[in-house]
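# Descriptive structure summary
Single-letter residue listing:
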Amino acid sequence: MNAKAIPKIGFVSLGCPKNTFDSERILTQLRAEGYLIVPTYQDADLVVVNTCGFIDSAVEESLDAIGEALRENGKVLVTGCLGARSDVIMDAHPQVLAITGPHAAEEVMGHVHAHLAKPHDPFADLIPPGGLKLTPRHYAYLKISEGCNHRCTFCIIPSMRGDLVSRPIGDVLKEAEALVKAGVKELLIISQDTSAYGVDLKYRPGFHNGRPVKTRMLELVQELAKLGIWVRLHYVYPYPSVDDVIPLMGLNATEGKVLPYLDVPFQHASPRILKAMKRPGNIENTLRRIEKWREICPDIVIRSTFITGFPGETEDDFGELIHFLQDARLDRVGCFPYSPVEGATANELPDPVDEDIKHDRLARFMDVQADISMEKLQARRGSEMTVLIDEADGKRAVGRTYADAPEIDGVVHIAQGAGIQVGDFVKVKITRSDDYDLWGKPV
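Residues numbered from 1 in each chain as written. Predicted model: local features only at pLDDT ≥ 70, side-chain atom pairs only at ≥ 80, totals over all residues. Heavy atoms only, no water.

Here the focus is the sheet that holds strand β19 (residues 425-433). What holds strands together in a sheet is hydrogen bonding between their backbones, with the strands either parallel or antiparallel. An order of β16-β17-β18-β20-β19 is seen for the five strands of this closed barrel, with the pairing classed as mixed. For this sheet, the mean angle separating the axes of adjacent strands, direction not counted, is 50 degrees. With five bridges joining them, β19 and strand β20 (residues 438-442) adopt antiparallel strand pairing. Residue Lys-429 lies in a different strand from β20, and its bridge partner there is Lys-441. (Pairing = 2+ DSSP bridges. Helix = DSSP H or I, 4+ residues; strand = E, 2+ residues; numbered from the N terminus. Axes fitted to C-alpha atoms, helices over the stretch in contact; angles between N-to-C directions.)

Side-chain alternation along strand β17 (residues 397-400) places Ala-397 and Gly-399 on one buried face and Val-398 and Arg-400 on a second face that is also buried. Judged from the four bridges that link them, strand β16 (residues 384-392) and β17 form a sheet pairing that is antiparallel. Bridge assignment links Ile-389 to a residue of β17, and that residue is Gly-399. Where β16 hands over to β17, the hairpin turn is made up of four residues, of which Gly-394 adopts a positive phi near 95 degrees. Taken together, the three bridges between β17 and strand β18 (residues 412-414) define a ladder with antiparallel strand orientation. Directly across from Val-398, in β18, lies its bridge partner His-413. (Buried < 20%, exposed > 50% of the residue type's maximum accessible area, 1.4 Å probe, protein only.)

A contiguous patch of negative charge on the surface is contributed by Asp-56, Glu-60, Glu-61, Asp-64, Glu-68 and Glu-72. Looking at the secondary structure, you find Asp-64 in helix α2 (residues 56-72). (Patch = residues over 30% accessible without salt bridge, like charges linked within 9 Å, V, L, I, M, F, W, Y side chains within 5 Å. Areas by Shrake-Rupley, 256 points an atom, 1.4 Å probe, with all protein chains shown as cover. Salt bridge = Lys/Arg side-chain N within 4 Å of Asp/Glu carboxyl O. Lys, Arg positive; Asp, Glu negative; His and termini not counted. Charge placed at Lys NZ, Arg CZ, Asp CG, Glu CD.)

Another point: the pattern of salt bridges. Working definition: two side chains of opposite charge can pair if their charged atoms are close together. Applying the stated criterion across every chain yields a total of 23 salt bridges. The partner of Asp-163 in a salt bridge is Arg-151, with the nearest N and O atoms 2.5 Å apart. Here the residue Asp-163 occupies a position in the loop between α5 (157-161) and β8 (165-166), and Arg-151 occupies one in the loop between β7 (145-146) and α5, the gap between them amounting to twelve residues. Here Arg-216 ties to Glu-219 by a salt bridge, and the two come within 2.7 Å at their closest N and O atoms. Where salt bridges share partners, they join Glu-313, Glu-315, Asp-360, Arg-361 and Arg-364 into one cluster.

What follows is about the pairing of strand β12 (residues 230-233). Two faces make up the sheet, and in a regular strand the side chains alternate between them. Here β12 shows a buried face lined by Trp-230 and Arg-232 and a second buried face lined by Val-231 and Leu-233. The pairing of strand β9 (residues 186-190) with β12 spans four bridges and is classified as parallel. Among the inter-strand pairings, Leu-188 is bridged to a residue of β12, identified as Arg-232.

Attention shifts here to the packing of helix α9 (residues 283-296) against helix α10 (residues 315-328). Put simply, α9 and α10 touch, their axes get as near as 11 Å, and they point 15 degrees apart. Taken as axis vectors, α9 and α10 run roughly parallel relative to one another. Here the hand of the crossing between α9 and α10 comes out right-handed. Contacts between α9 and α10 involve Ile-283, Thr-286, Leu-287, Ile-290 and Arg-294 from the former and Phe-324, Asp-327 and Ala-328 from the latter. A class-by-class count of the residues in the contact of α9 with α10 yields five nonpolar, one polar and two charged. (Parallel < 35°, antiparallel > 145°, perpendicular 65-115°, else oblique. Left-handed = near helix turned anticlockwise from the far one by under 90°. Contact = heavy atoms within 4.5 Å. Nonpolar A, V, L, I, M, F, W, Y, C, P; charged D, E, K, R; others polar.)

The end-to-end C-alpha distance of α10, which contains 14 residues, comes to 20 Å, matching closely the 20 Å that a straight helix rising 1.5 Å per residue would cover. Residues of α10 that are buried: Asp-317, Phe-318, Leu-321, Ile-322, Phe-324, Leu-325 and Ala-328. Within α10, the buried residues cover an arc of 155 degrees as seen down the axis, which keeps them to one side. Exposed residues lying more than 90 degrees from the buried face of α10 are Asp-316 and Asp-327. (Expected span 1.5 Å × (residues − 1). Arc of directions from axis to C-beta.)

So, about the side chain of Asp-22. By the element assignment, Asp-22 lies in helix α1 (residues 17-32). Relative accessible area serves as the criterion here: at 7%, Asp-22 is assigned to the buried category. In terms of polar contacts, Asp-22 uses its side chain to reach the side chain of Lys-143, at 2.6 Å. When near neighbours in sequence (up to four residues on either side) are disregarded, Asp-22 contacts Asn-50, His-103, Lys-143, Glu-146 and Arg-161. (Polar contact = N/O pair within 3.5 Å; in protein donor to acceptor, adjacent residues only side chain to side chain.)

Quick look at the state of the cysteines now. If you walk through the whole model with that rule in mind, you get zero disulfides. You can see Cys-148 has no disulfide; the closest cysteine sulfur is in Cys-152, sitting 6.4 Å from it. (Disulfide = S-S within 2.5 Å.)

Once that is clear, we can look at the nonpolar core. Within the largest apolar cluster, 62 residues are counted, with the highest numbers of intra-cluster contacts made by Leu-187, Leu-262, Phe-306 and Phe-324. Considering each element in turn, this core owes the most residues, six residues, to α10. Residues contacting Phe-306, with those up to four places away along its chain left out, are Phe-266, Gln-267, His-268, Leu-321, Phe-324, Leu-325, Leu-330, Val-333, Gly-334, Cys-335, Phe-336 and Phe-365. Of all hydrophobic cores here, the second largest spans 25 residues; its members include Leu-259, Leu-388, Val-412 and Ile-414. (Core = buried A, V, L, I, M, F, W, Y, C linked by side-chain atoms within 4.5 Å.)

This part covers the sheet that holds strand β2 (residues 36-38). Taken in spatial order, the five strands line up as β2-β1-β3-β4-β5 in an open sheet, and their pairing is parallel. The strands lining the two open edges of the sheet, one partner per strand, are β2 and β5 (98-99). Taken strand by strand, α1 contacts β1 (8-13), β2, β3 (46-51) and β4 (76-80), and its axis lies near 175 degrees from that of β1. Strands in contact with helix α4 (residues 105-115) are β1, β3, β4 and β5; relative to β4, the strand with the most contacts, it is inclined by about 175 degrees.

Below, the structure written as structure tokens:
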């Protein structure tokens with residue numbers, strides 16, 4: 001079959017890393033079936049848009065992307081989180097060919113087949129061992145479950161993606177090994193709730209390389225630690241079971257360690273606001289656990305996210321959040337002003353916070369955290385750290401330490417980068433720092 005006859009697909013992927021993972025699964029299947037993936041609307045016979053719908057700005061971005069694809073190409077399939085609200089899409093763009101919800105790869109493929117016949121049966125040699133990736137070759141996201149059993153009042157993920165459904169542990173570990181064989185140096189473990197992995201299966205054992213392995217976060221991390229690469233844990237709900245994972249963390253992957261990095265979305269610190277959010281509310285317990293984690297693993301880096309201006313938040317509530325930030329001294333922090341999401345029960349709560357107050361509190365919050373982050377990074381000056389290189393042009397390079405997840409945390413700037421290539425691990429002496437980034441030179 002000549003290239004002109006091969007059906008061509010354009011693909012737009014929006015949203016979080018979990019959406020990126022879904023996109024990669026669809027792209028891998030498309031390529032396996034012989035479709036070409038093309039970078040422009042003009043070259044595509046059909047465009048797939050994987051949408052986000054978590055907050056209003058994400059809905060607008062998704063609708064704009066669908067509109068652009070329709071204008072530039074005309075044949076558009078829509079999938080992803082916003083697809084769970086098909087009426088919103090159809091009201092804005094009734095001419096789309098089909099709509100599916102999130103984690104619906106088989107449905108997407110069915111619609112692709114209906115509108116653009118597949119060229120031939122799948123052949124494994126059409127795709128690389130680790131599948132097609134939207135991330136650089138040296139790191140990849142590994143999704144371990146779908147959905148969530150929590151009912152946080154600000155979130156509509158369960159209504160979009162359903163309750164928790166854990167992937168079989170054998171499938172997860174097989175995919176992890178394939179990614180390592182394909183050259184991946186860092187795995188970022190993602191889900192809606194990583195700590196809950198296996199709860200829906202009552203932690204029953206699966207099989208990996210002929211061995212029974214319990215479907216649970218602890219056993220999963222133990223197996224991933226054997227891969228000899230960086231393994232980074234994201235979206236870890238603060239269950240007590242997390243304590244069991246901390247002793248597995250360290251900086252030497254060859255000794256069977258996962259990165260001493262934990263992404264725990266605490267969201268707030270006022271017990272009253274946490275109760276309104278339907279989140280764990282004992283901040284004193286949280287502070288004691290953070291202290292315990294640091295005793296067990298002194299190198300541990302903790303990142304978190306918070307919300308300012310949640311309905312009913314008073315200045316006293318915000319003050320409790322600031323006190324927590326000062327006591328906890330978290331390494332990496334993101335913060336967002338509360339944004340109403342259609343369908344979220346928090347929208348019905350009384351005493352909404354004025355927009356100006358939300359943003360004022362956000363600015364004050366980030367000022368406090370900037371000082372904490374600056375002090376922590378200053379303490380790294382003069383030390384030698386292993387850096388995974390994300391960018392290199394032959395003269396300069398940019399990479400990340402174990403303390404930095406891609407695209408959300410800081411970076412290390414390396415001025416003397418001759419000979420360094422993307423995907424290299426480089427030992428770097430840290431010479432300078434600011435609020436969020438480091439500078440250094442190869443040792």
